[in-house]
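If you want the building blocks of each chain, they are given just below.
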Amino acid sequence: MNSLMQSPDLLVVDDVRKTFQSSQSWLHRLTGQVPPRAMALDGVSFHIPRGTTFGLVGESGCGKSTLARIIAGLMQPDSGSVSLLQADGRRPRMQMIFQDPFSSLNSRWRIDRIIAEPIHAHRLRSGKAVRQRVDELLEHVGLSPADATKYPHEFSGGQRQRISIARALAGEPTFLICDEPTSALDVSVQAQILNLLKDLQAEFDLTYLFITHNLSVVRVMAHQIGVMYLGQLIEVAEQNALFDQPAHPYAEMLLKAVPDLDVEARDLHPIPGEVPSLLALPTGCRFQNRCPWMQARCAETQPPMSRAGNSSVRCFIPRNALAS
Amino acid sequence: MASPTTGAFRQPRFPLLAQLLRSPGSAAAAVVAIGLIAAAFLVPPLMAQDPFAPGGAAIWEAFTPPVWMDGGSSTYLLGTDNQGRDMVASMLFGLRTSLVVGFLAVGIGLVLGVTLGLVAGFVGGVVDAVIMRLADIQLAYPALLLAMIISGAAGTVTGPQRSVSAAITIVVVSIGVSFWVQYARTVRSSVLVERDQDYVAAARITGRSSVAIMFTHILPNVMGPVLVIATINLAIAIITEATLSFLGIGIPLTQPSLGTIIRNGNSYLQSGEWWIVVWPCLLLIVFVIAINVLGDWMRDALNPRLKRRG
Amino acid sequence: MMDALLEVRDLTVTLRSGSGEVTALDQLSFNVNRGEVLGLVGESGAGKSLTGAAIVDLLVPPLKRTGGRISLGGERLDGLSEEALASIRGKRVGYIFQDPLTSLNPVLTVGYQLAETIAIHTGMDRAAARQRALEWISRVGISDPERRYAQYPHHFSGGMRQRLVIALALCGEPDLVIADEPTTALDVSVQAHILTLLKRLHEETGTAIILITHDLGVIAKMADRTGVLYAGRLVEIGPTSQVLLAPRHPYTQGLMRATPDHRSTTARLSPIRGSMPGLGRAPSGCPFRTRCDHAEADCAATRPELVLHGLSDAACHHPLGLGVAT
Ligand SMILES: Nc1ncnc2c1ncn2[C@@H]1O[C@H](COP(=O)(O)OP(=O)(O)OP(=O)(O)O)[C@@H](O)[C@H]1O
Ligand SMILES: Nc1ncnc2c1ncn2[C@@H]1O[C@H](COP(=O)(O)OP(=O)(O)OP(=O)(O)O)[C@@H](O)[C@H]1O
Ligand SMILES: [Mg+2]
Ligand SMILES: [Mg+2]
């Protein structure tokens, strides 16, 4: 425990596993059969040093939000542990920005009440100062104080997302989980929000877990990036290392699939092949059926997490090793 | 800093009212229902004489027919009953008692049902299973039968000589208790949907307690259907009270309620004094229909699916 | 082939409130040609979703279409009865909503919802509709369709729900699909997969698409023409290559500059300064002038109309890339 106290890490996630019961049909109930369980997270471990941003990217449905929910304490893992510790040994104040801007705001509450909730809950301010803080936050996210008296349905998707960001910031978190915080925003507002998050991080030494599908955004924001595939972290790398020399074939192919601004070459490059079902995961490497460089041993044993260049990667033949 | 709220738009202040006015049938129902409720609560206190107080009725004027019939008197527009009480006045007094019983019964059912439904949906697990099995068991008994059982059982405790207020309490509780299942089921299924929404997760992360989340976040989101049920239950409660009183196991004859008035008047239907029973029956029917129309309209008006997104 | 499938003229949407009316969409005019993909981009809250909703009259009070003509394949859509519109929605115009969770009914299985929609639009019987629904589930890249058929929306990840919504919109095989941010919740590979699927269906069936998105990369890959919305007005529209590479409107240029690029390191992004005025608070003249580096006196005086500058139309008194300066 003592070593943990001194570690520079704010968050340590150790071997977290989570399965979901697939819905039980009446046939299952009748026959007393136990339905198969879907493996949503399978042995995820990583840590985030205080004051830095850990970016998490990966296939949609690979378990990023589930991981975020477990870290936030909204769900219990089947096994493994999550420890959050501030330098002074206390639990850090946490907030989360949710992926879906439509279900993350209570439609019966006015905007000022929504944003003020964490302020009241943590007794950060009182009286008139609350209202002032709400106005200030609204301006920070590019809305106006006049919006405070409206209800969520009066806003567009991106505006709601900004309200959700304002609410998270209102709690003055030391640790902020951002699940797709800017996917609903136009690039200009996105730039404004990302700059704001960076400024707050620099000023208050905040720690972020930043989940996104937007690889350009993760490059701007993250110090370290984890790439997930089917419930596992398959690569963890420093910001530039991932983009310059991706180690895992999935990471490499993912980077290729990003649509650039070239209007002439209009082909998109999806990764070919089907994602295996979480109920019937292959033995061996999870990416084998879609990997152009697959070998016999990939089907037999699961590659362990190992060092390759500047990355940790779950692959027998990492791509960056070939390059160098 | 704080800039004025000019230029910004507002929600129409009374969106439901505006909507109601657009539907003439429901607007009429609302006028009837609210009018009757207002009359029942506002008029009796203003009357010089309580017809049910000892000596409050003019016994010598008993069986006066309505004003347009032979022997009718303009003092008693709808006639008088066997004790010489003005029908209009008795019905208002009766309706008032019925409404008090109805509102209290609905209140008991609502508080009980909503709380149990919230807890069942939000806590889940064993608690949920126990509450919902109880609900299933209770559903096997029709509301009226249940009310009869409860008031019967209470009767054996208090003995046949119970006071008026004890009788009313028993009626209120027995009707109220028979209502909770509906609320609990509706609330529970709404809670199951709301519970998984991210706004609840956000409140959890912020450290709000489960109780606070249940009452400040989830409750407002599930109140729509509850109000609809409450409205319709008001009608059911009044009918149940009337039925219980008519059967003689509800409110004693000394206390006016629509049920006791009808029970009293029923004896004179055969002998030609039809007005003593027909007016209160009509009042009951009109009021119940108005409430039901209003409830149906509310069901549509409060349905978020019918007023979705732009 | 400039055969207009959808013609929108002077589309105006107002928001009625206690203290009067506010214009939310101000005289929008554009065409969508048969078999074309029209991209729509713009500030969040600019009115992109409202435009889509106004076309098939999905607006709910206090929002109301107060002006303009809309015709689909020569047939006027404005003024149609609610029943007539209901049959057009889904059958002739598919709609992919921005909000994936509420487009799916939380208490019905996704399979049931798909089969039901298919049965309504095609008149198939239960068994055939079920079969078709299973096909659509795997067509949008979700494995194990048999198991997924019987699951409820909250059993799916955000991205999977979005794919189901896409399947729901496309299963009626409509002439026009209005896709409101169809891939924002998806990873780039699934996004590429879905966009390729959309493109393929679009090429096979000639379905025209209005694609609303914030991702200029998606615009570059998908859209034949692109329109840019700002504060309820169309400020630029033209061939995608023109709009992205030679923007005429300073707002479009600002968007291009704020776009991050994963191929290079950027410490700080460059947003357009200020923020978009809220509804009903736009300044006089050009709505963008208070944030614009090129604004002059005339920008405050008169409202710029959409005029052809080179290959694209822009609503700007001082369009970029035309003058001799620089
Ligand atoms: N409550 C639940 N019950 C059953 N299965 C679930 C539940 N929540 C998530 N899952 C499953 O777990 C897997 C991971 O879901 P998760 O939401 O974590 O994905 P994600 O990586 O966030 O995807 P996206 O990028 O699309 O949001 C999915 O296959 C999903 O269907
Ligand atoms: N029901 C409503 N009541 C009041 N205002 C509304 C309503 N719906 C939308 N608005 C307003 O209309 C404007 C346009 O909204 P719209 O949803 O079209 O934006 P958008 O361009 O799609 O934005 P985003 O990219 O964030 O989805 C916004 O400023 C919003 O606040
Ligand atoms: Mg997610
Ligand atoms: Mg939108």
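This is a predicted model, so every value here is computed, not measured.

Here we come to the overall build of chain B. Along the backbone of chain B there are ten helices and zero strands. When the helices and strands of chain B are placed in sequence order, the string is α-α-α-α-α-α-α-α-α-α. Of the contacts formed within chain B by residues at least 6 apart in sequence, a portion of 69% connects residues at least 24 apart. Of the roughly 14600 Å² of accessible surface on chain B, 67% is carried by carbon and sulfur atoms.

Turning next to the overall build of chain A. Summing up its helical and strand segments, chain A has twelve helices and eleven strands in all. Here the C-alpha radius of gyration of chain A, 21 Å, is about what a compact globule of 324 residues would show, namely 20 Å. The principal-axis extents of the C-alpha atoms in chain A amount to approximately 70 × 55 × 50 Å. By residue count, 60% of the 324 residues in chain A fall in the buried class. Intrachain contacts of chain A at a sequence separation of at least 6 include 65% that bridge at least 24 residues. Carbon and sulfur atoms make up 51% of the accessible area of chain A, which totals about 12500 Å². Separation between the mean location of the 32 positive side-chain charges and that of the 32 negative ones in chain A comes to 7 Å.

Applying the stated rule across the entire model yields seven cavities of 30 Å³ or more. Every residue lining the largest cavity is counted, 17 residues in all, and those nearest its centre are Leu 230, Val 275 and Pro 276 of chain A together with Ser 143 and Met 160 of chain C. For the lining of the largest cavity, the secondary-structure elements that each account for two or more residues are helix 6 (145–149) and helix 7 (158–170) of chain C. Together, 13 residues line the second largest cavity, and Pro 250, Cys 286, Cys 292, Cys 299 and Cys 316 of chain C are the ones closest to its centre. Classifying every residue of the lining of the second largest cavity by side-chain character gives eight nonpolar, four polar and one charged.

Note on placement: Asp 199 of chain A falls in helix 7 (residues 187–204). For the pair Asp 199 of chain A and Arg 93 of chain A, spaced 106 residues apart in sequence, the C-alpha separation works out to 18 Å.

Turning our eyes to something else, we now look at the pairing of strand 6 (residues 175–179) of chain A. All names here are of chain A. Along strand 6, five of the five residues are buried, which leaves the element largely enclosed by surrounding structure. Burial of the side chains of strand 6 extends over both faces: Phe 175, Ile 177 and Asp 179 are buried on one face and Leu 176 and Cys 178 on the other. Bridge count between strand 5 (residues 94–97) and strand 6: four bridges; the pairing is parallel. Looking across to strand 6, one finds that Gln 95 is bridged to Leu 176. As judged from the five bridges shared by strand 6 and strand 7 (residues 207–211), these two strands associate in the parallel manner. By the bridge assignment, Phe 175 is partnered in strand 7 with Thr 207. In this fold, the crossover linking strand 6 to strand 7 by way of helix 7 has right-handed handedness.

Residue and element names in this part refer to chain A. Read from one edge of the open sheet, eight strands run 5-6-7-3-8-9-11-10, paired in mixed fashion. The open sheet terminates on both sides in strands that have one partner only, identified here as strand 5 and strand 10 (306–308). Here the average twist between neighbouring strands, direction ignored, is 20°. Relative to strand 11 (residues 311–313), strand 9 (residues 232–238) is paired through three bridges, and the arrangement is antiparallel. Among the inter-strand pairings, Glu 235 is bridged to a residue of strand 11, identified as Val 313.

Our next topic: unusual backbone geometry. Of note in the backbone geometry, Leu 230 of chain A takes a positive phi value of approximately 45° without being a glycine. Within the fold, Leu 230 of chain A resides in the loop between strand 8 (224–229) and strand 9. In this structure, Glu 181 of chain C is a non-glycine residue whose phi angle is positive, near 50°. Along the polypeptide, Glu 181 of chain C turns up in the loop between strand 7 (176–180) and helix 8 (188–205).

The next thing to look at is helix 3 (residues 64–71) of chain A. Where burial is concerned, most of helix 3 of chain A is hidden: six out of the eight residues are buried. Of the residues making up helix 3 of chain A, those classed as buried are Lys 64, Thr 66, Leu 67, Ala 68, Ile 70 and Ile 71 of chain A.

In this complex, chain B contributes 22 residues to the contact, which on the side of chain A involves 30 residues. Both sides together, the interface formed by chain B and chain A hides about 2300 Å², and carbon and sulfur atoms give 57% of it. One can count two salt bridges joining chain B with chain A. At the junction of chain B and chain A, the tally comes to ten residue pairs in polar contact (both at pLDDT 80 or more). Among the elements that take part in the side of chain B that touches chain A, helix 7 (residues 198–205) of chain B stands out by supplying seven residues, more than any other. Considering only residue class, the side of chain B that touches chain A consists of eleven nonpolar, eight polar and three charged.

The subject of this paragraph is the domain arrangement of chain A. Residues and elements named next belong to chain A. Along its sequence, chain A is organised into domain 1 (2–92 + 174–275) and domain 2 (104–172). At the interface, twelve residues of domain 1 touch twelve residues of domain 2. For the pair domain 1 and domain 2, the summed buried surface comes to about 880 Å²; carbon and sulfur atoms form 71% of the total. The largest share of the area that domain 1 buries against domain 2 comes from Gln 192, Ile 193 and Leu 196, three residues that together contribute 38% of it. At the surface where domain 1 touches domain 2, the tally comes to zero salt bridges. At the boundary of domain 1 with domain 2, the tally comes to two residue pairs in polar contact (both at pLDDT 80 or more). With six residues, helix 7 is the largest single contributor of residues to the side of domain 1 that touches domain 2.

So, about the site of ligand 1. As a matter of local geometry, ligand 1 sits amid 19 residues, with Gly 61, Ser 65 and Thr 66 of chain A together with His 155 and Gly 159 of chain C nearest to it. Neighbouring residues of ligand 1 are not confined to one chain but are distributed across chains A and C. Gly 63 of chain A is positioned such that a nitrogen or oxygen atom in its backbone is 2.9 Å from an oxygen atom of ligand 1. Taking Thr 66 of chain A, its side chain carries an N or O atom lying 2.5 Å from an oxygen atom of ligand 1. For ligand 1, the protein covers 88% of the area, taking 640 Å² as the surface of the free molecule. For the shell around ligand 1, the elements supplying multiple residues, two or more each, are helix 3 of chain A together with helix 7 of chain C. Its residues assigned to classes, the shell around ligand 1 shows six nonpolar, eleven polar and two charged.

Right, let's talk about the confidence of the model for chain A for a bit. Residues and elements named next belong to chain A. For chain A, mean pLDDT is 88; residues scoring 70 or higher make up 93% of the total. The element-level mean pLDDT for chain A is lowest in helix 1 (residues 2–6), coming to 44, with strand 7 highest at 96. Here residues 1–5 is modelled with pLDDT under 50, and outside its nearest four sequence neighbours on either side it reaches three contacts, counting other chains as well.

So, on to the nonpolar core. The tendency in soluble globular proteins is for nonpolar side chains to be buried side by side. Among the nonpolar cores identified, the biggest contains 139 residues, and Ile 115 of chain A together with Leu 6, Phe 30, Ile 55, Leu 176 and Ile 210 of chain C are the most heavily contacted of them. Every residue in contact with Phe 30 of chain C, bar those within four places of it in the chain, is listed here: Leu 6, Glu 7, Val 8, Arg 9, Leu 38, Thr 51, Ile 55, Ile 210, Leu 234 and Ile 237 of chain C. Of all hydrophobic cores here, the second largest spans 55 residues; its members include Leu 99, Val 106, Ile 168 and Val 171 of chain B.

Residues and elements named next belong to chain A. Coordination of the magnesium ion (ligand 3) by the protein is provided by Ser 65 (OG) and Gln 99 (OE1), with metal-donor distances spanning 1.9 to 2.3 Å. Of the two residues, Ser 65 sits in helix 3 while Gln 99 sits in the loop between strand 5 and helix 4 (111–121), which places them 34 residues apart along the sequence. Gln 99 sits in the buried class, given a relative accessible area of 18%.

What follows is about the pattern of salt bridges. Counting across every chain of the model gives 38 salt bridges over all chains. Here Asp 136 of chain B ties to Arg 133 of chain B by a salt bridge, and the two come within 3.0 Å at their closest N and O atoms. Remark: Arg 133 of chain B and Asp 136 of chain B occur in helix 4 (residues 125–139); sequence separation between them is three residues, near one turn of the helix. Overall, Arg 133 of chain B belongs to the partly exposed group, its relative accessible area being 48%. Three or more residues joined by partner-sharing salt bridges are found here, namely Asp 15, Arg 17, Asp 42 and Arg 286 of chain A.

Attention now moves to the packing of aromatic side chains. The geometry of an aromatic ring pair is captured by the separation of the ring centres together with the interplanar angle, meaning the angle of the planes. Residues and elements named next belong to chain A. Scanning all chains against the criterion turns up ten aromatic pairs over all chains. Ring geometry for Tyr 229 against Phe 287: centres 5.1 Å apart, planes inclined by 85°, an arrangement best described as edge-to-face. Placement of Tyr 229 in strand 8 and of Phe 287 in the loop between helix 10 (249–256) and helix 11 (296–300) is noted, with a sequence separation of 58 residues between them. Among the aromatic side chains, those forming a connected cluster through ring pairs are Tyr 229, Tyr 250 and Phe 287. A cation sits over an aromatic face here: Arg 319 above Trp 293, 3.5 Å from the ring centre.

Conventions and cut-offs
Residues numbered from 1 in each chain as written. Chains lettered and ligands numbered in written order. Predicted model: local features only at pLDDT ≥ 70, side-chain atom pairs only at ≥ 80, totals over all residues. Heavy atoms only, no water. Helix = DSSP H or I, 4+ residues; strand = E, 2+ residues; numbered from the N terminus. Contact = heavy atoms within 4.5 Å. Areas by Shrake-Rupley, 256 points an atom, 1.4 Å probe, with all protein chains shown as cover. Rg over C-alpha atoms; globule rule 2.2 N^0.38 Å. Buried < 20%, exposed > 50% of the residue type's maximum accessible area, 1.4 Å probe, protein only. Lys, Arg positive; Asp, Glu negative; His and termini not counted. Charge placed at Lys NZ, Arg CZ, Asp CG, Glu CD. 1 Å grid on protein atoms, 1.4 Å probe; cavity = no way out; pocket = protein on both sides within 12 Å on 5 of 7 lines; lining within 4 Å. Points joined across faces, edges and corners; volume = space filled by probe spheres on them. Nonpolar A, V, L, I, M, F, W, Y, C, P; charged D, E, K, R; others polar. Pairing = 2+ DSSP bridges. Right-handed = clockwise from strand over helix to strand, strands pointing away. Axes fitted to C-alpha atoms, helices over the stretch in contact; angles between N-to-C directions. Buried area = accessible area lost by both parts, 1.4 Å probe. Salt bridge = Lys/Arg side-chain N within 4 Å of Asp/Glu carboxyl O. Polar contact = N/O pair within 3.5 Å; in protein donor to acceptor, adjacent residues only side chain to side chain. Domains from an automatic or database assignment. Near = heavy atom within 4 Å. pLDDT = per-residue confidence, 0-100. Core = buried A, V, L, I, M, F, W, Y, C linked by side-chain atoms within 4.5 Å. Donors = N, O, S within 2.8 Å, 3.2 Å for Na, K, Ca; no water. Phe/Tyr/Trp six-rings, centres within 6.5 Å; stacked < 30°, edge-to-face > 60°. Lys NZ or Arg CZ within 6 Å of the ring centre and 35° of its normal.

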